[in-house]
Amino acid sequence: MKPATPKTEVSPSTQLRKVIFGGSLRAPTFLRTFCVILPLFLGLRIAFAGMEINENVPLAKFPPGLTDKAAQQPYEKGFIDVTKAPYGAAGDGVTDDSEAIQKAVNDAYRLNLVAFFPAGKTFLLSRQLKCISTVKGSRKFAYQLMGSSKGKAPILKLKDGSAVENNIFILFQLLLNGKDTPMSLYGTTFRGLHIDMGRNPGVSALSMAGAQYCTIEDVLIDGADFDAGVCSLPGSGGGVVNLTVRGGKVGVRQDQYRPNPTIVGVTLENQSLYAVQV
């Protein structure tokens, strides 16, 4: 008589293998990979919880003063023109445009738009232009200031003898709980603009201590008397392309550690102390 075949116990993992792969021996590899990916995915969900991202702002949340001027403002193309209503920056080099430009820049940031400066204009300012975010991680659409690429580059001119906060004319910054957090500032842009510092001997033109996707591009900085052209360049995945600084005491002052910056086409001319100070 032929002996009976002993009954084999099937483990839960073997059963799962059969369900998933019809008995394939690849299941343990799949399970190990799944057990690694799942916690990683959950960890990323937790890490990025509360982080704002680039989303379109509903038109209903636009300020009435802007939607009322839809025929003049190109916001459907992603821009706010600082010279159009409701902002009305004169750009004549005589009128103080500080308030108009700050309002336009703030609205552009809040609505995920670009603050656009038309060619051939000179915008006179007498105080700091603040581009300060307080969003955790700053993955939100960032401050974007861009001049027209057609015609003469628009000029942001600092009025002679201006009292400027922190002695920085144009400041890009991320503040978290009141603390400067440059390694988490992402996506800011300052492009196609000419900064005229006039006679402001203790003031620096531009500061953008940021990281990924922060860019200074196609920018000219000059003036009769000023401190530094740029103090604190973006790094850690940010970059500078086609920057020219003429005059001033220092061309670029870099007093913060910023790893892996991209720097292309930087020209520093006629500084009285240093071209680069670290």
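Residues numbered from 1 in each chain as written. Predicted model: local features only at pLDDT ≥ 70, side-chain atom pairs only at ≥ 80, totals over all residues. Heavy atoms only, no water.

### Here's the deal with the overall build of the chain
- Helix and strand content of the chain: four helices and 20 strands.
- Restricting to contacts in the chain with at least 6 residues of sequence separation, those with at least 24 account for 69%.
- Carbon and sulfur atoms provide 56% of the accessible area of the chain, an area that totals close to 15,000 Å². (Helix = DSSP H or I, 4+ residues; strand = E, 2+ residues; numbered from the N terminus. Contact = heavy atoms within 4.5 Å. Areas by Shrake-Rupley, 256 points an atom, 1.4 Å probe, with all protein chains shown as cover.)

### Section: the packing of aromatic side chains
- All chains considered together, the criterion is met by five aromatic pairs.
- Relative to phenylalanine 116, the ring of phenylalanine 79 lies with its centre 5.8 Å away and its plane at 75 degrees, an arrangement referred to as edge-to-face. Here the residue phenylalanine 79 occupies a position in strand 1 (residues 79–81), and phenylalanine 116 occupies one in strand 3 (residues 114–117), the gap between them amounting to 37 residues.
- A relative accessible area of 21% means that phenylalanine 116 is categorised as partly exposed.
- For the pair phenylalanine 172 and phenylalanine 190, a centre-to-centre distance of 6.1 Å together with 75 degrees between the ring planes defines the contact as edge-to-face. Of this pair, phenylalanine 172 sits in strand 8 (residues 168–176) while phenylalanine 190 sits in strand 10 (residues 189–191), and the two are 18 residues apart along the sequence. In terms of burial, phenylalanine 172 and phenylalanine 190 fall into one category: buried. (Phe/Tyr/Trp six-rings, centres within 6.5 Å; stacked < 30°, edge-to-face > 60°. Buried < 20%, exposed > 50% of the residue type's maximum accessible area, 1.4 Å probe, protein only.)

### With respect to the pairing of strand 13 (residues 204–208)
- Extensive coverage of strand 13 is indicated by the burial of five of its five residues.
- One ladder, built from four bridges, connects strand 8 with strand 13; its direction is parallel. The residue bridging isoleucine 170 from the neighbouring strand is leucine 206, located in strand 13. (Pairing = 2+ DSSP bridges.)

### Thoughts on the pattern of salt bridges
- Using the criterion set out here, one finds eight salt bridges in the structure.
- The residue arginine 191 makes a salt bridge to glutamate 217 at a minimum N-O spacing of 3.2 Å. In this pair, arginine 191 sits in strand 10 while glutamate 217 sits in strand 14 (residues 215–222), placing the two residues 26 residues apart along the sequence.
- Where salt bridges share partners, they join Lys103, Asp107 and Arg110 into one cluster. (Salt bridge = Lys/Arg side-chain N within 4 Å of Asp/Glu carboxyl O.)

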